[in-house]
Amino acid sequence: QKLVPYREILNNIQDKYEVVKLPDDAHDTSKAYQVLGHVGVFGFITSMTDHFCGTCNRLRITADGNLKVCLFGNAEVSLRDLLRENVPDQQLLEIIGAAVKNKKKQHAELLIDIIEPLPSPKISSQYKKKLSVSFIQPTRYNQHDFYEINKNSIPFNHIFPSYSVQSRAYSTKNKKPESSHISQNTSPTLSHVDSSSGRASMVNVSFKAPTTRAATASGKIRIGREAFDLVQENIIKKGDVLTVSQIAGINAAKQTGYLIPLCHNLLLSHVSVDLELKPDYSIEIISKVECEGKTGAEMEALTAVSIAALTVFDML
């Protein structure tokens, strides 16, 4: 309630003075400005109202030897204790890397977690120890938890996919899994439904700051042994099945905003679609989509996989 957005402060200054924006370096945490005719400069560190966490490269070591990956975060890793235990340099690097990857994507999300904690995810017992660091940010990390994660290489989103029917989408935005259970006494909030009219509505993302987004989706189409052999030898009459399906998937990702009515049109910076023949007479399709925008690219990744699979079916 008491937060004043930086744009409001800037507008107040611009009402009285002619202000120019100064260039910022790629990893600056401050937005620099100058009043024309004045020598000094001033800047805003917009931690809450215009997130820059994706480009922040700050790491801090406290006086008592703890690594902090974010000044606002409570999480710390005791490098002092690890050094005193003569942990090898390579393992130190892995622990530091794991701490950096566990960093929040933005400060506002951290505040929301404190005010309205997400439901606790249901984790099968075999993963509880190995994934404890992914869900909690304790004051001290246990080094063995990091070793467990690195040693077993269990990708966070492979256990809790954000989409699961015939294909699955994994977001690289490091979101916490949300419970799919909805209480009978709770009215769910649907992002594509207008709360007042109850009709379909496009989500408003105009207030969001553009960030780097990436998503991966995977799917599998079973084609049978005879078709499998023909594809493997590349002697299908219609042509090269894998290449045509790959191109179709890439084109589909770029057209998602036209195919799915309420999706935003995103300017994609990269799309890859890979098709691989599997021993169970199937073709696995993996799509990776990247963009710089105000909303995620999960739908684009899913559309690429779906259309690539349909193209395989059509070619055969």
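Residues numbered from 1 in each chain as written. Predicted model: local features only at pLDDT ≥ 70, side-chain atom pairs only at ≥ 80, totals over all residues. Heavy atoms only, no water.

## Re the overall build of the protein chain
So, point 1. The secondary structure content of the protein chain amounts to 12 helices and 10 strands.
So, point 2. Split into buried and exposed, the 316 residues of the protein chain put 36% on the buried side.
So, point 3. Put simply, of all contacts in the protein chain between residues at least 6 apart along the chain, 60% involve residues at least 24 apart.
So, point 4. Accessible surface computed for the protein chain: about 20300 Å², of which carbon and sulfur atoms make up 53%. (Helix = DSSP H or I, 4+ residues; strand = E, 2+ residues; numbered from the N terminus. Buried < 20%, exposed > 50% of the residue type's maximum accessible area, 1.4 Å probe, protein only. Contact = heavy atoms within 4.5 Å. Areas by Shrake-Rupley, 256 points an atom, 1.4 Å probe, with all protein chains shown as cover.)

## Describing the pairing of strand E2 (residues 31-35)
So, point 1. Among the 5 residues of E2, 4 are classified as buried, and the element is accordingly described as predominantly covered.
So, point 2. Two elements, E2 and strand E3 (residues 42-44), share 3 bridges in a ladder whose sense is antiparallel. Bridge assignment links Tyr 33 to a residue of E3, and that residue is Phe 42.
So, point 3. Hairpin connection, E2 to E3: the antiparallel pair is bridged by 6 residues, and Gly 37 has positive phi, about 90°. (Pairing = 2+ DSSP bridges.)

## Thoughts on the nonpolar core
So, point 1. The biggest cluster of nonpolar side chains holds 28 residues, and the ones touching the most others in it are Ile 221, Ile 223, Leu 268, Val 273, Ile 283, Ile 285 and Val 312.
So, point 2. Elements supplying a minimum of two residues to this core: strand E8 (211-222), helix H9 (225-233), helix H10 (241-254), strand E9 (268-278), strand E10 (282-293) and helix H12 (298-315).
So, point 3. Looking at this core, the element that brings in the most residues is H12, giving 8 residues.
So, point 4. Ignoring sequence-local partners within four residues, the contact set of Val 273 consists of Gln 246, Gly 249, Ile 250, Ile 285, Ile 286, Ser 287, Ala 304 and Ala 308. (Core = buried A, V, L, I, M, F, W, Y, C linked by side-chain atoms within 4.5 Å.)

## Observations regarding the packing of H10 against H12
So, point 1. Across the interface, H10 lies against H12 with an axial gap of 7 Å and an inter-helix angle of 145°. Remark: the crossing between H10 and H12 carries right-handed chirality. Mapping the contact onto sequence places Val 241, Val 244, Ser 245, Ala 248, Gly 249, Ala 252 and Ala 253 in H10 and Glu 300, Thr 303, Ala 304, Ile 307, Ala 308, Thr 311, Val 312 and Met 315 in H12.
So, point 2. A breakdown of the residues in the contact of H10 with H12 according to their chemical character gives 10 nonpolar, 4 polar and 1 charged. (Axes fitted to C-alpha atoms, helices over the stretch in contact; angles between N-to-C directions. Left-handed = near helix turned anticlockwise from the far one by under 90°. Nonpolar A, V, L, I, M, F, W, Y, C, P; charged D, E, K, R; others polar.)

## Description of the confidence of the model for the protein chain
So, point 1. Within the protein chain, residue pLDDT values average 76, and 74% of them lie at 70 or more.
So, point 2. Below pLDDT 50 for its whole length, residues 110-186 participates in 120 contacts with residues either more than four positions away or in separate chains. (pLDDT = per-residue confidence, 0-100.)

## Regarding the sheet that holds strand E4 (residues 60-61)
Through backbone hydrogen bonds, the strands of a sheet pair up, either in parallel or in antiparallel fashion.
So, point 1. On the basis of which strands lie adjacent, the open sheet formed by 3 strands has the order E4-E5-E6 and antiparallel pairing. Both edges of this open sheet fall to E4 and strand E6 (77-78), since each of them pairs with a single strand only.
So, point 2. Note: strand E5 (residues 66-68) against E6, 2 bridges, orientation antiparallel. Across the sheet, residue Leu 67 finds its bridge partner in E6, namely Val 77.

## Some thoughts on the pairing of E10
So, point 1. Judged from the 12 bridges that link them, E8 and E10 form a sheet pairing that is antiparallel. By the bridge assignment for E10, Arg 213 is matched with Cys 291.
So, point 2. When E9 meets E10, the two strands line up antiparallel, connected through 10 bridges. Note on E10: the bridge partner recorded for Ser 272 is Lys 288.
So, point 3. Adjacent in sequence and paired antiparallel, E9 and E10 are bridged by 3 residues, among which Tyr 281 carries a positive phi angle near 60°.

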